[in-house]
Amino acid sequence: MAGRRRQPAAAWAGGQVEEPLGDSVRSALSAAVANSAPPKPEFDRPEARAAFQWWLSEVGERLRPRKPDPVTRVEFLETLWYEAKRAGLDPSVVLGVIQVESAFRKYAISVVGARGYMQVMPFWARLIGDGDPARLFHMQTNLRFGCVILRHYLDTERGDLFMALGRYNGSRGRAEYPNQVFAARRRWDVAPASLG
């Protein structure tokens, strides 16, 4: 209906706990989420560009039912690729998190208040952002925060993705959420070995 604001769809997210951060960790995470212009992937080798284009085509086709507009779909995937690689994450893991957390809904809000594609809790905007939780609905901001937070948890858990995913969701030590992400990841894991 014209003139009526659409209510964001609810999403499934656990009760991620706000944990105290040391000053050096907070500073590093704040620097990692500092805004920049929307990225365009750059490659120093033609093979890497070709592999990325292949990935974009394959994943884009799988994402088409959820993001039918081709411009929106490409912008989303380019940004996701950039933010995942920037954080040292596999893009298929990030896609799996998004599928489970928000079902690719930009304006999703969970019952505990997590927001956007990656269901970022509003306290993160205060801890490492500019304090405005509404910005968590901005695509690049949400993807950057989500990737930086997941990287932080992966480092905290010494590379254990199962435990990091549990911490990300607020269900550390329980198998349901990590197993859902691992299952979703398989749908998006299309990258050839040469893709870097």
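A brief report on the enclosed structure follows. What you are looking at is a predicted structure, and each value in this text was computed from that prediction instead of being measured.

Here we look at the environment of Pro-70
Here is step 1 of the chain: With respect to the helices and strands, the residue Pro-70 is situated in helix α3 (residues 70-86).
Here is step 2 of the chain: A relative accessible area of 46% places Pro-70 in the partly exposed class.
Here is step 3 of the chain: Taking C-alpha positions, Pro-70 is 8.4 Å from Gly-60, a pair spaced ten residues apart along the chain.

What to know about the packing of α3 against helix α6 (residues 139-156)
Here is step 1 of the chain: Where α3 contacts α6, the axes come no closer than 9 Å and their chain directions differ by 30°. As summarised for this structure, α3 and α6 are arranged roughly parallel, according to the angle between their axes. The two elements α3 and α6 cross, and the hand of that crossing is right-handed. Listed contacts from α6 to Glu-75, Phe-76, Thr-79, Leu-80, Tyr-82, Glu-83, Ala-84 and Arg-86 of α3 are Met-139, Gln-140, Leu-143, Arg-144, Cys-147 and Val-148.
Here is step 2 of the chain: Across the contact of α3 with α6, the residue classes tally to eight nonpolar, two polar and four charged.

Comments concerning the side chain of Glu-78
Here is step 1 of the chain: Relative to the helices and strands, Glu-78 resides in helix α3.
Here is step 2 of the chain: Glu-78 gets classed as buried once you look at its relative accessible area, which sits at 12%.
Here is step 3 of the chain: Leaving out residues up to four positions away in the same chain, Glu-78 has contacts with Lys-40, Pro-41 and Phe-52.

Focus: the nonpolar core
Here is step 1 of the chain: One finds Trp-55, Phe-76, Leu-95, Ile-98, Met-118, Trp-124 and Tyr-168 to be the most contacted residues of the largest nonpolar core, which totals 47 residues.
Here is step 2 of the chain: Elements represented by at least two residues in this core include exactly α2 (46-63), α3, α4 (91-102), α5 (123-128), α6, α7 (161-169) and α8 (176-188).
Here is step 3 of the chain: Tallying contributions element by element places α6 first for this core, with eight residues.

Some remarks on the packing of aromatic side chains
The geometry of an aromatic ring pair is captured by the separation of the ring centres together with the interplanar angle, meaning the angle of the planes.
Here is step 1 of the chain: Tallied over the entire structure, the rule returns ten aromatic pairs.
Here is step 2 of the chain: Ring centres of Phe-76 and Tyr-117 lie 4.9 Å apart, and the angle between their planes is 55°; on these two criteria the pair is classed as tilted. With Phe-76 in helix α3 and Tyr-117 in the loop between β2 (109-110) and α5, the pair connects residues that are 41 residues apart, well separated along the chain.
Here is step 3 of the chain: With a relative accessible area of 1%, Phe-76 lands in the buried category.
Here is step 4 of the chain: Residue classification places Tyr-117 among the buried positions, given a relative accessible area of 4%.
Here is step 5 of the chain: Through successive ring pairs, a cluster of aromatic residues spans Phe-43, Phe-52, Trp-55 and Trp-81.
Here is step 6 of the chain: Across the ring face of Phe-76, the terminal group of Lys-67 is positioned such that the distance to the ring centre comes to 5.0 Å.
Here is step 7 of the chain: When the ring centre of Trp-188 is taken as origin, the NZ or CZ atom of Arg-187, which lies over that ring, is 4.9 Å away.

Reading the values: rules and limits
Residues numbered from 1 in each chain as written. Predicted model: local features only at pLDDT ≥ 70, side-chain atom pairs only at ≥ 80, totals over all residues. Heavy atoms only, no water. Helix = DSSP H or I, 4+ residues; strand = E, 2+ residues; numbered from the N terminus. Buried < 20%, exposed > 50% of the residue type's maximum accessible area, 1.4 Å probe, protein only. Axes fitted to C-alpha atoms, helices over the stretch in contact; angles between N-to-C directions. Parallel < 35°, antiparallel > 145°, perpendicular 65-115°, else oblique. Left-handed = near helix turned anticlockwise from the far one by under 90°. Contact = heavy atoms within 4.5 Å. Nonpolar A, V, L, I, M, F, W, Y, C, P; charged D, E, K, R; others polar. Core = buried A, V, L, I, M, F, W, Y, C linked by side-chain atoms within 4.5 Å. Phe/Tyr/Trp six-rings, centres within 6.5 Å; stacked < 30°, edge-to-face > 60°. Lys NZ or Arg CZ within 6 Å of the ring centre and 35° of its normal.

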